[in-house]
Amino acid sequence: VLSNAARIRSRLFLYLYTRAVQFGIFHGILISFLFGVGLGTIFSSDLFIITWILLVTFAVALLASRKNKKESAARAVIVSCFFVAAFAVGLLRIEIESWSVGVSPLGMHIGEEVSLTGVVVKEPDVRTQTQHLYVAIGDDEILVTADRFLPVSYGDEVHVEGVLAKPESFVTELGREFHYDTYLLAKGVEYSISFAQVEVLSSGNGSWFITKLLSFKQQLIGGIDTALLEPQAGLGKGLLLGVKQALGDGIEDAFRAAGIVHIVVLSGYNIMLIISFTIFVLSFFLGRRLRIVCSMVAVVAFAFLVGLSATVVRASVMALLLLGAQLLGRTYDIMRALLFAAAAMVFVHPYILLYDIGFQFSFMATLGLVLLVPRFEQSLLGVSTSLGIRDYLLSTVATQIAVLPLLLYHIGEVSLVAIIANLLVLPMVPLAMLATFLAGIIAPLSSLFVTPFAFIAHATLSYIVTVAVWCASLPFATITVPAFSAWWVLGMYIVFVYGFFFIKKEKLDEYSDWTIEEEIEVVGKAGEGLRPSPVSTDTPVFFR
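The following refers to the structure shown.

Quick notes on the pattern of salt bridges
1) Next: Across all of its chains, the model carries eight salt bridges by this definition.
2) Next: One salt bridge connects Arg93 with Glu97, and the closest N-O pair in it is separated by 3.2 Å. On the criterion of helical spacing, the pair formed by Arg93 and Glu97 is a turn pair, its members being four residues apart in helix α4 (residues 72-98). The pair Arg93 / Glu97 is uniform in exposure class, with both members buried.
3) Next: Salt-bridge contacts for Lys217 lead to Glu123; the nearest nitrogen and oxygen are separated by 2.8 Å. Residue Lys217 is found in helix α6 (residues 208-227), and its partner Glu123 is found in the loop between β1 (113-120) and β2 (125-126); the two are separated by 94 residues along the sequence.
4) Next: What makes Lys217 buried here is its relative accessible area of 5%.
5) Next: The network of salt bridges with shared partners includes Glu252, Asp253 and Arg256.

A closer look at the side chain of Arg314
1) Next: Residue placement: Arg314 occurs in helix α11 (residues 310-328).
2) Next: Look at Arg314: it is buried, it has no salt bridge, and the nearest opposite charge is Asp356 at 11 Å.
3) Next: Here the side chain of Arg314 touches Ser362 through a polar contact of 2.9 Å, side chain to side chain.
4) Next: At a separation of 3.2 Å, a polar atom in the side chain of Arg314 contacts the side chain of Thr366.
5) Next: Those residues in contact with Arg314 that sit more than four places away from it in its chain are Gly268, Leu338, Ala341, Met345, Ser362 and Thr366.

Overview of the packing of aromatic side chains
1) Next: The final tally for this structure, using the stated rule, is 16 aromatic pairs.
2) Next: Ring centres of Phe33 and Phe347 lie 6.2 Å apart, and the angle between their planes is 40 degrees; on these two criteria the pair is classed as tilted. Of the two residues, Phe33 is situated in helix α2 (residues 25-42) and Phe347 in helix α12 (residues 334-348); the sequence distance between them amounts to 314 residues.
3) Next: With a relative accessible area of 45%, Phe347 lands in the partly exposed category.
4) Next: With 5.9 Å between their ring centres and 55 degrees between their planes, Tyr409 and Phe484 make a pair best called tilted. Note that Tyr409 is positioned in helix α15 (residues 389-410) and Phe484 in the loop between β11 (478-480) and α19 (486-509), a separation of 75 residues in sequence.

Here we look at the packing of helix α10 (residues 288-306) against α11
1) Next: The contact between α10 and α11 brings their axes to 10 Å, and the two run at 170 degrees. Considering the angle they form, α10 stands roughly antiparallel to α11. Within the contact between the two elements, α10 uses Arg288, Arg289, Ile292, Val293, Ser295, Met296, Val299, Val300, Ala303 and Val306 and α11 uses Val312, Ser316, Ala319, Leu320, Leu323, Gly324, Gln326 and Leu327.
2) Next: When its residues are assigned to classes, the contact of α10 with α11 shows 12 nonpolar, four polar and two charged.

Each value, and the rule that gives it
Residues numbered from 1 in each chain as written. Predicted model: local features only at pLDDT ≥ 70, side-chain atom pairs only at ≥ 80, totals over all residues. Heavy atoms only, no water. Salt bridge = Lys/Arg side-chain N within 4 Å of Asp/Glu carboxyl O. Helix = DSSP H or I, 4+ residues; strand = E, 2+ residues; numbered from the N terminus. Buried < 20%, exposed > 50% of the residue type's maximum accessible area, 1.4 Å probe, protein only. Lys, Arg positive; Asp, Glu negative; His and termini not counted. Polar contact = N/O pair within 3.5 Å; in protein donor to acceptor, adjacent residues only side chain to side chain. Contact = heavy atoms within 4.5 Å. Phe/Tyr/Trp six-rings, centres within 6.5 Å; stacked < 30°, edge-to-face > 60°. Axes fitted to C-alpha atoms, helices over the stretch in contact; angles between N-to-C directions. Parallel < 35°, antiparallel > 145°, perpendicular 65-115°, else oblique. Nonpolar A, V, L, I, M, F, W, Y, C, P; charged D, E, K, R; others polar.

As structure tokens, then:
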């Protein structure tokens, strides 16, 4: 019995180690850390237990390495210890983060009229009738809802009067409960003041760099408003700067029903356009290394310019890793970059993993592009690539599949015309962005020279709005589903993962009767002892 148990344990360790090597130990460590943070967010952890897990894991790994680190079973144990340690670190990180929740002295004044003084630490979020101000007061950051037309900017010191409250959950129009309290907690906000009386005391208390960037942003917005009319101006600001509120409720609802609201949510697509534009412009003046460095600076500046949302930060981190790999002459692995960006963001703000919807959508959409697009490419080899139709189709289908469970759970509405709308709209987005940017830059300088750029911007933006409104007006444009448990989301993703690996296995089984041999050539002259020698690395290896 002991012999059989040892044999089973050895085979299990060998299987886990083989899988870990195939998938990547680095990937496994990051996923284990994220899993630890997620589990620690749902179930409270105990510091004593976490400490013991780390100590026992270290002891087991040490014993396994001393026994014989070359044995497969020992290597499997060591790799498993790495995964368990990363999981424990995730539990520890969310446990440490929880220590700062609910300890503020402001908690004693919930429901009372308060008078506070602080500094606006983010650009005001202007809505239809109000604006949201994130005000830092000591170690706390509170959300203040003020009048829309109040002249307040980033870096202003303000005096706030109003009733202090804890954000509460509410039910959306489609019957989904939106946990507004945890959503704000992921942003570091625990308290709010609605309909506050705000008085600006002084200005210029923020970062000089961010102040200059936001000043440029306001000038660009003013130029766009001068060159274009509504709703084209609102859409242009949304494409360039992610200002969704500028669209208006009607146009935004049409974009959501058509499944193209993502084009006004800044993502990696916008970041890559910034990099491509920067490299192209600087190619006439600077060398390759300087162009890459300037592109990295442009990415950082753009991230601060549009606001450090989860989507923008994820895309910026991945872009910086790509540029850094090019600068150092290293290979760029997009899956590693994605997992590293997610783990780094979660390490800094652990609650975004389960409480920030934008982070979840951004991560899963990118994961769909990375994993599913290569699987679909073989099926669409006959589709034309002249206008990038195949790329747009693959990207749209992959992202729709990847975010579908989250979309059904959080929103409850799915667009049935999203694929058609994206195929019609996406090819026009880069031209619309470029024309809008140039029109916004030139408009304050010359009303004459801005005319051709304004015309192109107006035409392309009008086309996008027309397609969105037309697709949204179709009777079968969207369907709604009733609310369901989060466990169904997990179940759907388990089915997706099984399907992904099943398809992969079926692809491999097609070549199960093939033999893979190393290509060799015979060295030596006729009549001499001939010996095989591996072919040079320039010669490809063939399947025979």
